Protein chains: 2
Amino acid sequence: MSRINIGIDAMGGDKAPEQIVLGTINAANAKQDVNFTLIGKEEEILRWELPKNVRIVNARDAIEDDEPPVQALRTKRDSSIMRGIKLVLEKNLSAFVSAGSTGAVVAASIFKLGYLEGVKKCGILVTLPTKNGMAALVDAGANLNPKPIHYLQYAIMGSCYINILHPGKEINIGLLNVGEETTKGTEPIKQAHKLLKSCLTNFKGNVEGHEILSGNFQLILCDGFVGNIVLKLGESMASFLMNGLKSMIESSIELKDKFREFNKPFDFSEYGGAPILGINGTVLIAHGRSDNRAITNALFNAINMVQNDINGKISEEIKQHSLWKRIQKMLNIVDES
Amino acid sequence: MSRINIGIDAMGGDKAPEQIVLGTINAANAKQDVNFTLIGKEEEILRWELPKNVRIVNARDAIEDDEPPVQALRTKRDSSIMRGIKLVLEKNLSAFVSAGSTGAVVAASIFKLGYLEGVKKCGILVTLPTKNGMAALVDAGANLNPKPIHYLQYAIMGSCYINILHPGKEINIGLLNVGEETTKGTEPIKQAHKLLKSCLTNFKGNVEGHEILSGNFQLILCDGFVGNIVLKLGESMASFLMNGLKSMIESSIELKDKFREFNKPFDFSEYGGAPILGINGTVLIAHGRSDNRAITNALFNAINMVQNDINGKISEEIKQHSLWKRIQKMLNIVDES
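Notes on the structure in this doc start here. (Residues numbered from 1 in each chain as written. Chains lettered and ligands numbered in written order. Predicted model: local features only at pLDDT ≥ 70, side-chain atom pairs only at ≥ 80, totals over all residues. Heavy atoms only, no water.)

So, on to helix α4 (residues 80-89) of chain A. Residues and elements named next belong to chain A. Taking burial as the measure, the ten residues of α4 include seven buried ones, the bulk of the element. Looking at α4, one finds that the buried residues are Ser 80, Ile 81, Met 82, Gly 84, Ile 85, Leu 87 and Val 88. Positive backbone phi, at 65°, marks Lys 91, one or two positions downstream of α4. (Buried < 20%, exposed > 50% of the residue type's maximum accessible area, 1.4 Å probe, protein only. Helix = DSSP H or I, 4+ residues; strand = E, 2+ residues; numbered from the N terminus.)

As structure tokens, this is what we get:
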């Protein structure tokens with residue numbers, strides 16, 4: 001594959017296909033050395049005039065957000081999501097971005113692409129604003145019952161991702177928990193704490209809920225249940241507070257600008273989608289409410305991940321950490337599946 | 001016991017004893033038909049002049065927030081927390097309020113007072129602001145691995161509490177989960193969903209993270225791990241955003257007032273502490289950062305709970321729901337301990 005080719009689900013998200021197509025056009029105009037592939041109902045996409053480096057792959061079905069993912073993938077045989085994932089599998093796409101059903105994208109990725117060698121489970125990485133730059137949180141919902149080894153692999157994969165986005169940045173890793181002490185938390189969390197501590201020098205211990213936004217941790221690990229709640233609560237709370245204040249503030253033009261600046265880190269369209277780490281292929285989930293700006297940013301992020309060969313780096317790091325088995329035995333942590 | 005007598009841990013919280021004593025004095029002046037008992041180091045409390053209806057019980061030890069709770073209760077034989085709980089056990093106090101170590105208060109309550117008849121596990125109820133009044137969340141950290149029956153009992157106990165605070169209010173109950181569908185979540189959550197649905201007509205299904213603040217649910221159930229994270233994240237996020245905006249807004253006097261009004265529901269000192277539901281005695285946890293206003297409100301809340309005999313009501317409701325065993329068998333949910 002000589003040129004990078006990024007696929008995008010034209011049917012996914014609340015504002016599809018319009019905002020998806022517009023976001024792709026923006027990205028294509030900005031990155032003329034990259035190809036883009038819109039996947040979805042051709043007749044709907046053709047309403048827009050596309051740049052030369054954007055092509056269409058027709059897919060007749062669209063999976064809705066409220067459909068049970070696995071069932072939808074089975075019954076809708078020609079969905080834009082499955083079509084996109086298959087093109088990644090066949091190496092016809094370098095990466096795939098979807099703002100559609102997270103469950104369907106994750107399921108299709110696991111079933112069709114599988115995991116990178118040595119990876120036990122994938123995890124969704126999301127980016128959160130903090131008092132001091134951004135923080136990454138893994139997992140935001142791919143794996144509801146992680147075992148200790150999964151947390152360790154999230155730490156390794158998440159670090160690779162942050163290194164690509166912010167080369168040279170110091171990464172302090174924390175484990176989301178109900179207290180600072182090592183004796184706190186559920187059994188899997190206590191065991192994960194032990195394993196992380198023995199394997200990673202930059203593991204800084206437990207993070208409590210009020211420290212997520214402190215900026216003291218650049219990578220926060222948690223199970224997919226808690227991560228999903230944290231993400232959705234955080235997003236809704238920011239928009240709840242910001243909308244409440246907006247009307248109050250917008251009476252003054254000066255304040256309006258300041259407010260917009262302040263609000264910026266809480267605006268998800270600033271971020272480039274959430275990668276599913278650990279999948280044998282580059283797949284990103286964009287927010288369901290993505291506008292064209294959010295889509296453009298997600299496409300830029302996909303290009304960045306491909307250009308920096310994130311999966312090559314993850315595979316290497318996972319291999320190097322394969323001594324975890326020995327360490328696990330040393331620590332008498334039994335579960336390793 | 002003719003007069004209500006509310007005990008308060010004078011040594012608990014970041015601003016103890018000063019703000020605790022001042023908050024107690026405020027409450028005592030406002031409620032002259034109630035007695036109050038400050039429990040802690042007498043010589044420190046005696047710095048303030050106390051109203052007639054406030055007395056002191058000396059306790060030589062104070063448990064710090066960062067001590068392992070159970071160990072601290074064992075080694076510090078005369079802690080203000082254990083002294084307060086014992087006074088509740090001996091019926092010398094109608095209720096006990098502490099802004100000290102949550103872990104120590106919960107542990108002492110369970111060990112000394114035990115559960116109300118029929119109650120399997122206690123749960124901490126916290127109050128959260130929403131777009132449409134307040135919502136209660138149980139459990140905020142007493143029980144990290146609840147079984148289905150615990151969720152049902154949280155629903156029953158939480159409803160009793162809301163009924164006392166807001167008589168006649170409609171209570172929609174939701175189960176915190178990663179999706180709306182009944183097939184979502186971990187195994188215990190799926191089973192809890194089934195049980196709640198079959199037992200409670202006002203159970204409205206799953207609540208996602210972004211719906212916590214929607215105001216559509218007045219009682220939200222979750223495990224103590226998630227509840228603890230939600231509470232701490234929510235609090236810290238509100239203060240993070242509000243502080244960031246404060247300086248921007250305070251240039252205008254008019255906006256300053258509006259902002260204060262808007263900020264009010266996010267200020268924990270407005271609420272009256274978090275009751276530990278299910279304990280055979282009335283015990284409330286106040287926030288560690290409580291100022292005197294927060295303490296006064298917690299004391300008022302304790303009086304309200306005692307006057308309305310919340311534990312009598314909970315016991316009654318739990319008994320009525322004892323048919324849960326039959327329902328559980330019907331549903332083939334095995335675990336009931």
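What follows picks up the thread again.
For the rest of this paragraph, the subject is the sheet that holds strand β4 (residues 95-98) of chain B. Across a sheet, strands are paired by hydrogen bonds formed along the backbone, either parallel or antiparallel in direction. Residue and element names in this part refer to chain B. Read from one edge of the open sheet, eleven strands run β3-β2-β1-β4-β11-β10-β5-β6-β9-β7-β8, paired in mixed fashion. Of all the strands in the sheet, just β3 (54-58) and β8 (203-207) have a single pairing partner and so form its edges. Each neighbouring strand pair of the sheet contributes to a mean axis angle of 30°, computed without reference to strand direction. Taken strand by strand, helix α4 (residues 80-89) contacts β1 (5-9), β2 (35-40), β3, β4 and β11 (282-285), and its axis lies near 165° from that of β4. Of the strands in this sheet, β4, β5 (123-130), β10 (274-277) and β11 are in contact with helix α5 (residues 102-113), which crosses β11 at around 170°. (Pairing = 2+ DSSP bridges. Axes fitted to C-alpha atoms, helices over the stretch in contact; angles between N-to-C directions. Contact = heavy atoms within 4.5 Å.)

Applying the stated criterion to the full structure yields twelve salt bridges over all chains. A salt bridge links Lys 76 of chain B to Glu 67 of chain B, with the shortest nitrogen-to-oxygen separation between them at 2.9 Å. Look at Glu 67 of chain B and you get buried, because its relative accessible area is 18%. Via salt bridges that share partners, Arg 60, Asp 78 and Arg 83 of chain A belong to a single interconnected network. (Salt bridge = Lys/Arg side-chain N within 4 Å of Asp/Glu carboxyl O.)

The transformation that overlays chain B on chain A combines an axial shift of 0.0 Å with a rotation of 180°, and the residual RMSD is 0.0 Å. What the superposition gives is, in effect, a two-fold axis relating one chain to the other. Identified as the residue of chain B closest to the rotation axis by C-alpha distance is Val 226 of chain B, at 3.0 Å. Of all interface residues in chain B, 100% are interface residues in chain A too; the two copies therefore contact each other through one and the same surface. (Least-squares fit on C-alpha atoms with pLDDT ≥ 70 in both.)

Nothing here speaks to function; it is geometry throughout.
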